[in-house]
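Each chain, written out:
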Amino acid sequence: MIETRCWPAVVAAAGLMVGAYVNSPTALVAQEGAPVEIGGLLRTGFRSQPEETGASDGFEVFDAHVSLGGEIGLVFEYFVRGEFDTEDDVLRLLDARLDFPIIPEANVGFGLSRPYFGLEAMEDEGDFMFLRRAQASDAIAPGRQVGVTLFGEALDNRLTYGGGIYNGNGRTLDNDDGRYMFAARGQFNTIGPIEFYEDLVIQVGASIAYSDDDAAELGPGLVTPLPDAVPLFDPDSFAGERLLLGADFYASYRAFTFRGEYLRGEFDLEEPDDGEGPDDGELDDLDAYGGYIEGSYSVWGALEAVLRYDGFSPAQGESRDFLAVGLNIYPGYYAKIGLQYAFALHDSPPAPTIAGNQFALVVQVDF
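Report follows, based on the coordinates. (Residues numbered from 1 in each chain as written. Predicted model: local features only at pLDDT ≥ 70, side-chain atom pairs only at ≥ 80, totals over all residues. Heavy atoms only, no water.)

A count of helical and extended segments in the chain gives 2 helices and 17 strands. Residues counted as buried form 44% of the 367 residues belonging to the chain. Looking at the chain alone, contacts between residues at least 24 apart form 57% of all its contacts between residues at least 6 apart. As displayed, the chain offers around 18700 Å² of accessible surface, 60% of which is attributable to carbon and sulfur atoms. (Helix = DSSP H or I, 4+ residues; strand = E, 2+ residues; numbered from the N terminus. Buried < 20%, exposed > 50% of the residue type's maximum accessible area, 1.4 Å probe, protein only. Contact = heavy atoms within 4.5 Å. Areas by Shrake-Rupley, 256 points an atom, 1.4 Å probe, with all protein chains shown as cover.)

Here it is as structure tokens:
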């Protein structure tokens, strides 16, 4: 993992960068072709957890990001983003990418970024409707990887696509003996770029990824822990093949938005060299699947009522289903305040990021 323990110096540098940015002309209006654009995200607030999660109630810093991007001549575009971890007192590199625009239909990017997979998985934290991504997006979608991507737009920007080949080992430069990850995604909407929110917009998308892993760290929540039970496979060091699939739908009309996504992961465990691998038909083929359906209604662009069903069937253990409700308040262009509460359906056990009777107050500044 790419990180550094330089919290005091980073905070000071970030403060100077943000201060300079806020007092610059680019703070309010992004200038096309600007050589340097500085951005930041701070999401903090209060979270109350049920006892079964083992977590304590209290105030938290959910996300603290700083980013730097821009263009250099007509050669390439760059983007770098870091994340401050207040618990471990480190700065982690999230994104570091160089993009070479060729034509609108075909661009090439190199570096560290999210693979093109999933609708919600590719969203930045500042665009979240709720505190965290849905369970399936967290568990199944691959995390940030180092690799090369091909992406672009076509059909008057109605069709967007991206795909690439990645190391498959997360935010590191390591590779499992030539075992790479392949990922691709495409989506089509009915109007192209959304300019007028009075229009009816319908969008559909599909994603696929494949990887042959030696010791990959998979997403959280692929196993629902059972008392006194040992998981049949370790998501923190997965060896075998995984095939990831996804389909999603989005629609909006005036104050209403609606979207849903289904993700599925098929995991074929690799038999150890000692020949004492899993029995055929029992442990070698494991599936995880789930998704979410959510909707929102906005009033004057200042208040937004949100509702989400979040269901997931893990590779092992009990299924988990939740209903989350919330209210988002937008006091300014860069600010948001969110109130959220989650209900567990059919006594579902807690998941890594959501649980029954979980309350969260989120205060966000994103620029």
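Having seen the structure, we can now continue with the description.
So, about the side chain of Arg 259. Within the secondary structure layout, Arg 259 lies in strand β12 (residues 256-269). Here the side chain of Arg 259 touches Glu 123 through a polar contact of 2.8 Å, side chain to side chain. Within polar-contact distance, the side chain of Arg 259 engages the side chain of Glu 294 at 2.6 Å. Each residue touching Arg 259, except ones within four places of it in the same chain, is listed here: Leu 119, Glu 120, Glu 123, Phe 249, Tyr 250, Tyr 292, Ile 293 and Glu 294. (Polar contact = N/O pair within 3.5 Å; in protein donor to acceptor, adjacent residues only side chain to side chain.)

Enumeration according to the criterion identifies 20 salt bridges in this entry. Of the charged contacts, one joins Asp 95 and Arg 81 as a salt bridge, the two residues approaching to 2.9 Å between their closest N and O atoms. On the criterion of sequence distance, the pair formed by Asp 95 in strand β5 (residues 90-103) and Arg 81 in strand β4 (residues 76-85) is long-range, its members being 14 residues apart. In this structure, Arg 242 and Asp 213 form a salt bridge, with 2.7 Å as the shortest nitrogen-oxygen distance. Here Arg 242 is found in strand β11 (residues 238-253), whereas its partner Asp 213 is found in strand β10 (residues 201-216), with 29 residues between them in sequence. Taking the relative accessible area as the measure of exposure, Arg 242 reaches 5% and is therefore buried. Linked by salt bridges that have partners in common, Arg 81, Asp 95, Arg 114, Asp 124, Glu 125, Arg 133 and Arg 144 make up one network. (Salt bridge = Lys/Arg side-chain N within 4 Å of Asp/Glu carboxyl O.)

Attention now moves to the packing of aromatic side chains. With the rule as written, the count across this model stands at 9 aromatic pairs. With 5.8 Å between their ring centres and 80° between their planes, Phe 238 and Phe 267 make a pair best called edge-to-face. Taken together, the residues span a long stretch of sequence, with Phe 238 in strand β11 and Phe 267 in strand β12 at a distance of 29 residues. Each member of the pair, Phe 238 as well as Phe 267, is classed as buried. Ring geometry for Tyr 333 versus Tyr 334: centroids 5.1 Å apart, planes at 90°, classification edge-to-face. Grouping aromatic residues by their ring pairs yields a cluster made of Phe 76, Phe 100 and Phe 110. In this structure, Arg 308 is placed above the aromatic ring of Tyr 292, and the distance from its NZ or CZ to the ring centre is 5.2 Å. (Phe/Tyr/Trp six-rings, centres within 6.5 Å; stacked < 30°, edge-to-face > 60°. Lys NZ or Arg CZ within 6 Å of the ring centre and 35° of its normal.)

Okay, the pairing of strand β16 (residues 335-344) next. The pairing of strand β15 (residues 320-332) with β16 spans 9 bridges and is antiparallel. Bridge pairing links Leu 327 to Leu 339 in β16. Across 8 bridges, the pairing between β16 and strand β17 (residues 358-366) is antiparallel. Bridge pairing in β17 places Leu 339 opposite Leu 361. (Pairing = 2+ DSSP bridges.)

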